[in-house]
Amino acid sequence: MLNLWIMKDIRLESFIESRIGLILTVLRNNDSNQPYHDINHLIGVSYLASQVIYTGEDYDAQFDLMTAGMLHDFCHTGLKPDSENISYTIKCIVETLDTDCDWWNDLIKETEYNFNNPLPDVSDLGKILRDADQLYSSYFFNEHILIGLYKELGGDSVAKFIERNIEYVSNLPLYTDKAKEVNEKILPDVIEKHMELLAKYK
């Protein structure tokens, strides 16, 4: 698997930098500043999808996951249902990057989240990207991420939200064996950190 984050080949590095660099610049200049769905979320999901969960050798697939991860919640509005965010994201991609890529659009559409149907039938790359989206808050867990989620999703109190989130992260809806393996490894530490914050906010 190519490590797109630490490139060794000069020609390939130049190509990656020209494409990824453009997207990163766009992200920095158009950060939604949402409490949770910000540029950190986009970069984190991109990293998880392309470097942690994806284990294949197909460079094109890996590149698609990296770039779609960077853009999947671009200009996130915080609107509900999530279909509203997806539509606005694609509109912003077309307008800001001056491009209309079907493969980006199709993959990003597959990240739409519905609590009533957390594991819909999606493509193999869609499964990886959705798993990365789900794993982000646990893999990079800290108080800032938790409170960001609380501010976006709402609830009666931070303590009650933490209790609900403990239940959620303990039963993450995941597709791929790799994502399940990663989640199993980090879950005890994630639960422990939740409990520490629960004691703080009770």
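Our structure's up above, just so we're on the same page.
Residues numbered from 1 in each chain as written. Predicted model: local features only at pLDDT ≥ 70, side-chain atom pairs only at ≥ 80, totals over all residues. Heavy atoms only, no water.

Colleague: How should I be thinking about helix 9 (residues 177-201) in this particular structure?
Modeller: Because the α-helix completes a turn every 3.6 residues, residues three or four places apart line up on one side. When the terminal C-alpha atoms of helix 9 are compared, their 34 Å separation across 25 residues agrees well with the 36 Å that a helix rising 1.5 Å per residue should span. The largest bend along helix 9 measures about 45 degrees and falls at I186, with the proline P188 one to four residues further on. Regarding helix 9, the residues found buried are A179, V182, N183, I186, L187, V190, H194, L197 and L198. (Helix = DSSP H or I, 4+ residues; strand = E, 2+ residues; numbered from the N terminus. Expected span 1.5 Å × (residues − 1). Bend = angle between axes of the 7 residues up to and from the residue. Buried < 20%, exposed > 50% of the residue type's maximum accessible area, 1.4 Å probe, protein only.)

Colleague: How should I be thinking about the state of the cysteines in this particular structure?
Modeller: Disulfides are covalent bonds that link the sulfur atoms of two cysteine residues. With the rule as written, the count across this model stands at 0 disulfides. With no disulfide of its own, C92 lies 3.4 Å from the sulfur of C75, the closest cysteine sulfur. (Disulfide = S-S within 2.5 Å.)

Colleague: Looking at this structure, how should I read the packing of aromatic side chains?
Modeller: Evaluated as defined, the whole model comprises 7 aromatic pairs. Between the aromatic rings of Y36 and Y136, the centroid separation amounts to 5.7 Å while the plane-to-plane angle is 70 degrees, which identifies the pairing as edge-to-face. Here Y136 lies in helix 6 (residues 124-139) and Y36 lies in the loop between helix 1 (10-29) and helix 2 (39-53), a separation of 100 residues in the sequence. As far as the burial class goes, Y36 and Y136 line up, both buried. Clustering of aromatic rings is evident, with ring pairs tying together Y36, Y136, Y139 and F140. (Phe/Tyr/Trp six-rings, centres within 6.5 Å; stacked < 30°, edge-to-face > 60°.)

Colleague: How should I be thinking about the pattern of salt bridges in this particular structure?
Modeller: Oppositely charged side chains can form a pair if their charged atoms are brought close together. For the structure shown, the criterion picks out 5 salt bridges. Close ionic contact of E95 with K91 constitutes a salt bridge, the shortest N to O distance being 3.0 Å. Placement of both E95 and K91 in helix 4 (residues 82-97) is noted, with a separation of 4 residues, approximately one turn of the helix. For E95, a relative accessible area of 52% gives the class exposed. The class of K91 is partly exposed, set by a relative accessible area of 41%. Between D189 and K193 there is a salt bridge, and its shortest N-O distance comes to 3.2 Å. In this pair, D189 and K193 are both assigned in helix 9, 4 residues apart and thus about one turn of the helix distant. (Salt bridge = Lys/Arg side-chain N within 4 Å of Asp/Glu carboxyl O.)

Colleague: Can you help me understand unusual backbone geometry in this one?
Modeller: Phi at N33 takes a positive value of approximately 60 degrees, unusual for a residue other than glycine. Mapping N33 onto the fold places it in the loop between helix 1 and helix 2. On the basis of relative accessibility, which here comes to 62%, the residue N33 falls in the exposed class. Positive phi, normally seen in glycine, also occurs at C75, with a value near 60 degrees.

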